[in-house]
Each structure stands twice: as C-alpha cells, then as structure tokens.
Amino acid sequence: QVQLVESGGGLVQPGGSLRLSCAASGSIFSINAMGWYRQAPGKQRELVATITRGGRINYGDSVKGRFTISRDNAKNTVYLQMNSLKPEDTASYYCNADGVRLTTMAVANYWGKGTLVTVSS
C-alpha cells in the first residue's frame, strides 16, 4: 500500500504565505505525477497544481502566479508554496499521486487525508 501524508496547513492572514508538504511512503516502486487539489465547504474539489516526475507543471487558473509546486523525487515528496493568500483560498488541501506498488507493479491513484488551510484576519 502507498500512503500520502500532508503537513503544513494552518491559519494565516490574507496576504500571507504557507508551505504544504506531502510525503509518499509504503511499498513504492515509483511515484509518477503528484499534485494538490482543494475543496472548500459546499464546493467541488478543484485542481490546484500538478507536477510530473520529469517536472512538467500545470496550475489551476485561480492560483497561477501565487502558488508554486515542486517535488523531490528522491524523497517522494511534493511541496506547495502558497503566497499572497486570499480568503477564497480557504479549503482542505489534498495531496494526490500516481504510484506504482513495489510488490505488484500495479499503478494506482492515491489521495492523502487532507490538511486545512484557513485564510482569515
């Protein structure tokens, strides 16, 4: 099994910054694409950013120019640097990854349990 564990959420004032981390662990052969999604109360889950193993990046329109995704392949970890945060960025942020299990070589998609980001004064 592959587990994704997020960290770094919390309360921040508008205009502030936070950095989220997500580490994949378990029976891993490789982690391919990784990314972040978010879900605000009463809204659908939406794309924040994704990054392939080779470094190709895609951002959701609402975060372009403010958020930066990066990853450390050696650590199977993805990061999300969030700057110029707005109240509308308040949501639970979920890590997502396509992983290949070591024992079966099966490819599957995995989700973390989420970390809450609250932007408020």
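The coordinates are above.
These notes cover the structure that comes with them. Computed from a prediction, not measured in an experiment: that's the story for all the values here.

This part covers the side chain of aspartate 89. Structurally, the position occupied by aspartate 89 is in the loop between strand S8 (77–82) and strand S9 (91–101). On the accessibility criterion, aspartate 89 (1% relative accessible area) is buried. A distance of 2.9 Å separates polar atoms of two side chains, one belonging to aspartate 89 and the other to arginine 38. Leaving out residues up to four positions away in the same chain, aspartate 89 has contacts with Arg38, Arg66, Phe67, Ser84, Val117 and Val119.

All right, on to the packing of aromatic side chains then. Counting across every chain of the model gives 1 aromatic pair. Ring geometry for tyrosine 37 and tryptophan 111: centres 5.2 Å apart, planes at 65°, overall edge-to-face. Separated by 74 residues along the polypeptide, tyrosine 37 in strand S4 (residues 28–39) and tryptophan 111 in strand S10 (residues 107–111) bring together distant segments of the chain. The lysine or arginine in question, arginine 19, covers the ring of tyrosine 79, its NZ or CZ lying 4.1 Å from the ring centre. Between arginine 45 and the ring centre of tyrosine 94, over which it is positioned, the NZ or CZ distance is 3.9 Å.

This part is about the state of the cysteines. Taken as a whole, this structure holds 1 disulfide when the rule is applied. The residue that forms a disulfide with cysteine 22 is cysteine 95, at a sulfur-sulfur distance of 2.0 Å. Around the S-S axis, the bridge from cysteine 22 to cysteine 95 shows a dihedral of about -85° and counts as left-handed. On the criterion of sequence distance, the pair formed by cysteine 22 in strand S3 (residues 18–26) and cysteine 95 in strand S9 is long-range, its members being 73 residues apart. Since its relative accessible area comes to 0%, cysteine 22 is described here as buried. Judged by its relative accessible area of 0%, cysteine 95 is buried.

This model, assessed by the stated rule, comprises 4 salt bridges. Close ionic contact of aspartate 89 with arginine 38 constitutes a salt bridge, the shortest N to O distance being 2.9 Å. Residue aspartate 89 is located in the loop between S8 and S9, and its partner arginine 38 is located in strand S4; the two are separated by 51 residues in the primary sequence. For the pair shown, aspartate 89 and arginine 38 are each scored as buried. Among the ionic pairs, lysine 64 bridges to aspartate 61, the shortest N-O distance being 3.1 Å. Here the salt bridges do not stand alone but share partners, grouping Arg38, Glu46, Arg66 and Asp89 into one network.

Quick notes on the rules
- Residues numbered from 1 in each chain as written.
- Predicted model: local features only at pLDDT ≥ 70, side-chain atom pairs only at ≥ 80, totals over all residues.
- Heavy atoms only, no water.
- Helix = DSSP H or I, 4+ residues; strand = E, 2+ residues; numbered from the N terminus.
- Buried < 20%, exposed > 50% of the residue type's maximum accessible area, 1.4 Å probe, protein only.
- Polar contact = N/O pair within 3.5 Å; in protein donor to acceptor, adjacent residues only side chain to side chain.
- Contact = heavy atoms within 4.5 Å.
- Phe/Tyr/Trp six-rings, centres within 6.5 Å; stacked < 30°, edge-to-face > 60°.
- Lys NZ or Arg CZ within 6 Å of the ring centre and 35° of its normal.
- Disulfide = S-S within 2.5 Å.
- Salt bridge = Lys/Arg side-chain N within 4 Å of Asp/Glu carboxyl O.

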